[in-house]
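# Breakdown of the fold
Here is what each chain is made of, one letter per residue.
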Amino acid sequence: MKESFIAILMGSDSDLPTIQHTLDTLDSLEITWEVKITSAHRTPEDTRRFVKETEQRGCAVFIAAAGLAAHLAGAVAALTIRPVIGIPLDAGTLGGQDALLSTVQMPGGIPVACVAIGKPGAINAGWLAAQILAISDPKLEKRIQQARQLNSNSIRKKNDALQAKLGRA
Ligand code: RP5
């Protein structure tokens, strides 16, 4: 059986510093990924080829990140019925609101799961893709549960430290 993996597309190399958070999240969960710089507007044929080719090789979820008039996630969703997660990026004067609306306002029947603008969205795209894969991967499900537990523990520790500082421990 082919190993499932995640394919990440971004519209420009200028998107990489934000998308690095997606790659780091997927690495932390030991998920295999591939990444490509390709644009809905500037390299539409490369985008189509990459989606079709990775889908054939076992891509289970697509993540597409773009700024400005961000059509990349929608363009990917038009080419596949695999889940598509869109990350709107802040690449211009509108602080990412332009990309948010371009990514989230898909017409009925061609869904894109749009996450938050920028870094939190990049992180959550990794988590959401992982959770989709975990539906059919019990080992990954366990790794996600463990990571959630660590996250909870770190918040509790921060609260303990705050209470101690306030003398209310
Ligand atoms: C979008 O335009 C890209 O995803 C990027 O966020 C934005 C600006 O691209 P560059 O001008 O930096 O290449 O397509």
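What counts as what
- Residues numbered from 1 in each chain as written.
- Predicted model: local features only at pLDDT ≥ 70, side-chain atom pairs only at ≥ 80, totals over all residues.
- Heavy atoms only, no water.
- Helix = DSSP H or I, 4+ residues; strand = E, 2+ residues; numbered from the N terminus.
- Buried < 20%, exposed > 50% of the residue type's maximum accessible area, 1.4 Å probe, protein only.
- Areas by Shrake-Rupley, 256 points an atom, 1.4 Å probe, with all protein chains shown as cover.
- Core = buried A, V, L, I, M, F, W, Y, C linked by side-chain atoms within 4.5 Å.
- Contact = heavy atoms within 4.5 Å.
- Pairing = 2+ DSSP bridges.
- Axes fitted to C-alpha atoms, helices over the stretch in contact; angles between N-to-C directions.
- Arc of directions from axis to C-beta.
- Salt bridge = Lys/Arg side-chain N within 4 Å of Asp/Glu carboxyl O.
- Right-handed = clockwise from strand over helix to strand, strands pointing away.

A word on the overall build of the protein. Looking only at helices and strands, the protein has six helices and five strands in total. Across the protein, helices and strands are ordered from the amino to the carboxyl terminus as β-α-β-α-β-α-β-α-β-α-α. Counting only C-alpha atoms, the protein reaches 60 × 45 × 30 Å along its principal axes. Of all 169 residues assigned to the protein, the portion counted as buried reaches 39%. As presented, the protein carries roughly 9600 Å² of accessible surface, and 55% of it is formed by carbon and sulfur atoms.

Here we come to the nonpolar core. Ile6, Ile19, Ile31, Ile63 and Ile87 are the most contacted members of the largest nonpolar core, which has 25 residues in total. At the level of secondary structure, the elements contributing two or more residues to this core comprise strand 1 (5-10), helix 1 (16-28), strand 3 (59-67), strand 4 (84-89), helix 5 (119-134) and helix 6 (138-165). The biggest single contributor to this core is helix 5, with seven residues. Leave out the neighbours within four places in its chain, and Ile6 touches Leu26, Ile31, Thr32, Trp33, Glu34, Cys59, Val61, Ile63, Ala129 and Leu133.

Our focus in this paragraph is the sheet that holds strand 1. Backbone hydrogen bonds are what pair the strands of a sheet, in a parallel or an antiparallel way. Sheet architecture is open: five strands sit in the order 2-1-3-4-5, paired in parallel fashion. Taken across any chain shown, the strands that pair with only one partner, and hence form the sheet edges, are strand 2 (33-37) and strand 5 (113-114). Relative to strand 5, strand 4 runs parallel, the two being bridged by two bridges. Note that in strand 5 the partner of Ile85 across the bridge is Ala113. Sheet contacts for helix 4 (residues 97-104): strand 3, strand 4 and strand 5; angle to strand 4, the most-contacted strand, approximately 160°.

Position of Thr25 relative to the elements: it lies in helix 1. Taking the relative accessible area as the measure of exposure, Thr25 reaches 7% and is therefore buried. Once residues within four sequence positions are removed from consideration, Thr25 is found in contact with Ile123, Gly126 and Trp127.

Let us look at helix 4. Residues of helix 4 that are buried: Asp98, Ala99 and Thr103. Buried residues of helix 4, seen end-on, are gathered within an arc of 120° and therefore sit on one face of the element. Structurally, helix 4 contributes buried residues whose contacts are with strand 3, helix 3 (72-79), strand 4 and strand 5.

Let's shift gears to the pattern of salt bridges. Side chains carrying opposite charge are able to pair once their charged atoms draw close together. This structure, assessed with the given rule, holds three salt bridges. Between Asp46 and Arg49 there is a salt bridge whose closest N-O contact spans 2.8 Å. Placement of both Asp46 and Arg49 in helix 2 (residues 44-57) is noted, with a separation of three residues, approximately one turn of the helix. Exposure remark for Asp46: the relative accessible area of 29% places this residue in the partly exposed category. The residue Glu53 makes a salt bridge to Arg57 at a minimum N-O spacing of 2.4 Å. Of the two residues, Glu53 and Arg57 are both situated in helix 2; the distance of four residues between them amounts to about one turn of the helix. By relative accessible area, Arg57 is classed as partly exposed at 33%. Taken together, the shared-partner salt bridges connect Glu34, Glu53 and Arg57 into one network.

As a further point, take the pairing of strand 1. In summary, the side chains of a regular strand alternate between the two faces of the sheet. The element strand 1 is extensively covered by neighbouring structure, given that six of its six residues are classed as buried. Here strand 1 shows no split at all, with Phe5, Ala7 and Leu9 on one side and Ile6, Ile8 and Met10 on the other all buried. Here strand 1 runs beside strand 3; their pairing, made up of six bridges, is parallel. Within the sheet, the bridge partner assigned to Leu9 lies in strand 3 and is Ala64. Bridge count for strand 1 against strand 2 is five bridges, and the pairing is parallel. Bridging across to strand 2, Leu9 finds its partner in Lys36. In terms of handedness, the path from strand 1 via helix 1 over to strand 2 forms a crossover that is right-handed.

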